Amino acid sequence: MNNYKTFKKVAGVFTLSVVITGCASNSSTESSTWDTKRVLCVAAGGLAGVALDGAGNRGSDNKSKAAGALVGAGLGAIFCAPGVVLDGDQDGVEDKKDDCPYTPLGTAVNEVGCSLDDDKDGVANTIDQCPNTPAGAKVDVTGCEIITDQDGDGVLDEADQCPDTIAGTAVNAVGCDENVAIVLDGVFFEYKSFDLTADSKVLLNKIASKLIAADAQVLVAGHTDSVGGNAYNIKLSDKRAASVKDHLIAQGVSEQSISSQGFGEDNPIATNNTDEGRAKNRRVEMQIQN
């Protein structure tokens, strides 16, 4: 019974203290929201008051415990009041605004008190051994990029143009079947032109990064369907292949590692008697030389 009465008194003190603290915070000119941290301070202070009263006075009655809770709650409210600045980890961000209140001494932090992470890989600068990893890269606990070869062909994923080759397939420098030319699906040109479309440039940017990583020797081959004269088609396919080569060079591929050539209609991979077949024949390929 005595325990129940004690609980009622202490609970009443807690409830009253929290409501008063929350309302006071809510009416503050500094904030229009409930001050959660200050309320937690009140609760922690109240618990500490009860505990200290019990430890120091084993025979204390209900009133004594309630008084201890009230004193503790009051001290908690004072310590977390808007005018009191506490900075437990001494990082220059007061505890009320500190989302990471236990950063090691001397750690450089941001405006909410958390360790800086300049490359935003999830690993703080203080332990990041690779502080300039590319955006979106998967990293290990030291902040360094995890390099993998998911298809086990001996070509790392960062350079692999064909990351799902069948086990045992002999591959070239970019991880594709060494006996098959790579058709650049999605690379298109403006109508009757050798100017690349905007979407094609985006695709080629990704291809360029893998060619650079693989240090590949490449021949860009242009092909057409059989519509039009052969001389015209050879000229058009040559210009389109050169356009792809020039864009890849602009993205960082070495001029010494890439060349281009137009083959016109001479090497069809489908029939030229249907629209579908002619569409397949109008293509640009990469032939990897190493």
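Note: the structure precedes this text.
How each quantity is defined
- Residues numbered from 1 in each chain as written.
- Predicted model: local features only at pLDDT ≥ 70, side-chain atom pairs only at ≥ 80, totals over all residues.
- Heavy atoms only, no water.
- Salt bridge = Lys/Arg side-chain N within 4 Å of Asp/Glu carboxyl O.
- Helix = DSSP H or I, 4+ residues; strand = E, 2+ residues; numbered from the N terminus.
- Disulfide = S-S within 2.5 Å.
- Core = buried A, V, L, I, M, F, W, Y, C linked by side-chain atoms within 4.5 Å.
- Buried < 20%, exposed > 50% of the residue type's maximum accessible area, 1.4 Å probe, protein only.
- Contact = heavy atoms within 4.5 Å.

Asker: Would you explain the pattern of salt bridges in this entry?
Answerer: Pairs may arise between side chains of opposite charge once their charged atoms sit close together. What the rule picks out here adds up to 3 salt bridges. We note a salt bridge from Arg 282 to Asp 225, for which the minimum N-O separation is 2.6 Å. In this pair, Arg 282 is assigned in the loop between helix 6 (275–281) and strand 4 (283–288) and Asp 225 in the loop between strand 2 (218–223) and helix 5 (230–250), connecting sequence segments 57 residues apart. For Glu 285, the salt bridge identified is with Arg 283, shortest N-O distance 2.8 Å.

Asker: What's the story with the state of the cysteines in this structure? I'm lost.
Answerer: Note: disulfide means a covalent bond formed between the sulfur atoms of two cysteine side chains. Enumeration over the complete set of coordinates arrives at 2 disulfides. Residue Cys 130 pairs covalently with Cys 144 via a disulfide, S to S 1.9 Å. In this structure the cystine formed by Cys 130 and Cys 144 twists about its S-S bond by roughly 80 degrees; its chirality is therefore right-handed. With Cys 130 in the loop between helix 3 (62–79) and strand 1 (182–183) and Cys 144 in the loop between helix 3 and strand 1, the pair connects residues that are 14 residues apart, well separated along the chain. The residue that forms a disulfide with Cys 162 is Cys 176, at a sulfur-sulfur distance of 1.8 Å. Disulfide Cys 162 to Cys 176: torsion about the S-S bond roughly 90 degrees, handedness right-handed. Residue Cys 162 is found in the loop between helix 3 and strand 1, and its partner Cys 176 is found in the loop between helix 3 and strand 1; the two are separated by 14 residues along the sequence.

Asker: Would you mind showing me how to read the nonpolar core here?
Answerer: Most often, soluble globular proteins have nonpolar side chains that are buried together. Counting 27 residues, the largest nonpolar core has Leu 184, Leu 211, Val 244 and Leu 248 as its most contacted members. Looking at this core, the elements with two or more residues in it are helix 4 (198–214), strand 2, helix 5 and strand 4. Counting residues per element, this core draws most heavily on helix 4, which supplies 5 residues. Leave out the neighbours within four places in its chain, and Val 244 touches Leu 184, Val 187, Phe 189, Leu 196, Leu 204, Val 220 and Val 284.

Asker: Which parts of the structure should I look at to understand unusual backbone geometry?
Answerer: Most peptide bonds take the trans form, and the phi angle of most residues other than glycine is negative. Its identity is not glycine, yet Asp 215 carries a phi of approximately 50 degrees, on the positive side. Topologically, Asp 215 is positioned in the loop between helix 4 and strand 2.

Any functional reading would require information beyond the geometric quantities listed.
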